[in-house]
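Reading the structure
Chain by chain, the residues run as shown.
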Amino acid sequence: MIHMEKEDTKDERGNWIGYLQIAVIVGIIAIAIYFARAPEQVAIDENGALGEKQPPIVTVMQPESQSYSFQLDTTGSITLKERVTITSEVKGRVVWVSSKFEPGGTIEANEVFIKIDPRAYELEMEDAAYELAVHEIELEKQKSLGADVERLEALRNQASVRLDLARLQLTKTELSLPYSFRVISSSVEIGELAGTAETTGTASILGLVYRPDSIRVDVPIEMQDIQTLDPIIGRSTNVITTTEELSGVVSGLGSIVAPKSRLATVYIKFDSELTPSEYPLPNSFVEVEIIGPTEQNVFLLPERSERSLGQVWLVRNGQLESFEPQILARNNGMLVVKAFDTGDGIAIDIPANTHDGMTVTAVPVGS
């Protein structure tokens, strides 16, 4: 009987300890939940008592209104608006080629650089001159006799035209161009048969050249930059090569947008006073500065002040206020915006979970 009473006492004590452990665990969980829901910031008064939550601190700046000269720094490539294929209008053997008519060579306007054997054309001109002289003598003779000379005058005129054509063909045996040019490629040798494509086929191509003033700079550009620089045509530019800096002007704007990059293209022409040797070589890459307009009364803001959708936070009367400024450009990590009323300042470091009307403490940047 005594043995059974001792066993009951042990069971009751074990149950009591289990209940106590469960109560302790529940209490710990309740305390954790309470502190998890407690305010992030609390104030402690002089007596050590917990006070009300303090407004979050926001760093603000007060930008100064200023003027700003827009300049687009980008890259481009040297291209050719057109190329000229050199062929001979007359058929004949090449008897002379200028030493300048080599890739990279420069030849001045009206300077002969290829000569075709002229002998056949000289004989043609002599024959035409002799025929003209015969008709003129006969015409004068018949005039003195009072005969009808209408037919003889027609023959004389025909011979005169033939002589002019022979003289023209002879001049074509010396190849030159009415403008200065640079040689891209040369494929002609002395003794080679030259002529038109109809007479010599693919051998008719003697070389490929270009006019230096047909050189231009192709610059891919975003549509937003075109709007910022509007009107972009006529804008002054600086083109920086590996060896020099050249001035130019925007001469045109492409009519389509590249399907992959979604960029448009502007074309830059160099100043006309450049000599042929001063132009950069085609297919080379260059740095480009396009000088834009000067805008008055603007702010320069760090890009970190921008929130989504191009808005910024202002602090006005101790509360946050969202505002969407007129963004004029983005340049080197800065926003260029039209000046506006900034209230107590523009928020730079923005705390999380902000909203319009939220009470904050504004602290000037650098303080």
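Residues numbered from 1 in each chain as written. Predicted model: local features only at pLDDT ≥ 70, side-chain atom pairs only at ≥ 80, totals over all residues. Heavy atoms only, no water.

Comments concerning the overall build of the chain
Helix and strand counts for the chain come out as five helices and 21 strands. Taken across its 367 residues, the chain has 32% of its residues classed as buried. Sequence-distant contacts in the chain: of pairs separated by 6 or more residues, those separated by 24 or more amount to 74%. (Helix = DSSP H or I, 4+ residues; strand = E, 2+ residues; numbered from the N terminus. Buried < 20%, exposed > 50% of the residue type's maximum accessible area, 1.4 Å probe, protein only. Contact = heavy atoms within 4.5 Å.)

Structural notes on the packing of aromatic side chains
Evaluated as defined, the whole model comprises six aromatic pairs. Centroid distance Tyr68 to Phe70: 5.0 Å. Interplanar angle 80 degrees. Geometry classified as edge-to-face. Residue Tyr68 shares its accessibility class with Phe70, and that shared class is buried. Geometrically, the ring pair formed by Phe299 and Phe340 is edge-to-face, given 5.5 Å between the ring centres and 70 degrees between the ring planes. Here the residue Phe299 occupies a position in strand E15 (residues 285–302), and Phe340 occupies one in the loop between strand E19 (334–338) and strand E20 (345–349), the gap between them amounting to 41 residues. Judged by relative accessible area, Phe299 falls into the buried class, the value being 6%. (Phe/Tyr/Trp six-rings, centres within 6.5 Å; stacked < 30°, edge-to-face > 60°.)

Focus: a nonpolar patch on the surface
There is a patch of nonpolar side chains on the surface, built from Val161, Leu165 and Leu168 and spanning about 270 Å² of accessible area. Turning to its location among the elements, Leu168 is positioned in helix H3 (residues 150–171). Judged by relative accessible area, Leu168 falls into the partly exposed class, the value being 43%. (Patch = residues over 30% accessible without salt bridge, like charges linked within 9 Å, V, L, I, M, F, W, Y side chains within 5 Å. Areas by Shrake-Rupley, 256 points an atom, 1.4 Å probe, with all protein chains shown as cover. Salt bridge = Lys/Arg side-chain N within 4 Å of Asp/Glu carboxyl O.)

Some words on the packing of helix H2 (residues 119–144) against H3
Two elements in contact, H2 and H3, have axes whose closest approach is 8 Å; the angle formed by their N-to-C orientations is 160 degrees. Here H2 lies roughly antiparallel to H3, going by the angle between them. Both H2 and H3 take part in a crossing whose hand is left-handed. Among the residues forming the contact of H2 with H3, the class breakdown is 12 nonpolar, four polar and 11 charged. (Axes fitted to C-alpha atoms, helices over the stretch in contact; angles between N-to-C directions. Parallel < 35°, antiparallel > 145°, perpendicular 65-115°, else oblique. Left-handed = near helix turned anticlockwise from the far one by under 90°. Nonpolar A, V, L, I, M, F, W, Y, C, P; charged D, E, K, R; others polar.)

Focus: the sheet that holds strand E17 (residues 319–323)
With mixed pairing, the five strands of this open sheet are ordered in space as E17-E16-E20-E1-E21. The open sheet has two edge strands with one neighbour each: E17 and strand E21 (361–364). On average, each strand axis in the sheet is tilted by 50 degrees relative to the strand beside it, whichever way the strands run. (Pairing = 2+ DSSP bridges.)

Topic: the sheet that holds strand E6 (residues 114–116)
With antiparallel pairing, the four strands of this open sheet are ordered in space as E7-E6-E4-E9. Where the open sheet ends on each side, the last strands, each with one partner, are strand E7 (174–175) and strand E9 (193–194). Examined bridge by bridge, E6 and E7 share two bridges and lie antiparallel to one another. Residue pairing for E7: Ile114 is matched across the bridge by Leu175.

Quick look at the side chain of Thr241
Structurally, Thr241 is set in the loop between strand E12 (236–240) and strand E13 (245–253). We classify Thr241 as buried; its relative accessible area is 16%. Of note is the side chain of Thr241, whose polar atom sits 3.2 Å from the backbone nitrogen of Thr243. Filtering out sequence-adjacent residues up to four positions away, Thr241 remains in contact with Pro280 and Val286. (Polar contact = N/O pair within 3.5 Å; in protein donor to acceptor, adjacent residues only side chain to side chain.)

Observations concerning the nonpolar core
Val217, Ile221 and Phe270 are the most contacted members of the largest nonpolar core, which totals 29 residues. Contributing elements (two or more residues each) for this core: strand E2 (66–80), strand E11 (215–221), E13, strand E14 (264–270), E15 and strand E18 (327–331). In terms of residues, this core owes the most to one element, E2, which gives five residues. Aside from chain neighbours lying at most four places away, what touches Val217 is Gly76, Ser77, Ile78, Val239, Val266, Tyr267, Ile268, Phe270, Val286 and Val288. Within the second largest apolar cluster, 18 residues are counted, among which are Ile86, Tyr179, Ala194 and Leu206. (Core = buried A, V, L, I, M, F, W, Y, C linked by side-chain atoms within 4.5 Å.)

Some remarks on the environment of Ala133
Along the chain, the position of Ala133 falls in helix H2. Ala133 sits in the partly exposed class, given a relative accessible area of 32%. Separated by 26 residues in sequence, Ala133 and Ala159 have C-alpha atoms that sit 8.6 Å apart.

Structural notes on the pairing of E15
It is a general feature of regular strands that their side chains alternate between the two faces of the sheet. Examined bridge by bridge, E2 and E15 share 10 bridges and lie antiparallel to one another. When the bridges of E15 are listed, Gln71 appears paired with Ile291. Here E12 runs beside E15; their pairing, made up of four bridges, is antiparallel. Directly across from Thr237, in E15, lies its bridge partner Ile290.

Re unusual backbone geometry
A cis amide bond links Asp230 to the next residue, Pro231, at an omega of -5 degrees. Positive phi is not limited to glycine here, since Asn283 has a value of about 75 degrees. Summarising the element assignment, Asn283 is placed in the loop between E14 and E15. Residue Asn283 is classed as exposed on the basis of its relative accessible area of 61%.

A short note on the side chain of Thr173
With respect to the secondary-structure elements, Thr173 resides in the loop between H3 and E7. Setting aside its immediate chain neighbours within four residues, Thr173 contacts Val90, Ile114, Lys115, Ile116, Asp117, Pro118 and Tyr121.

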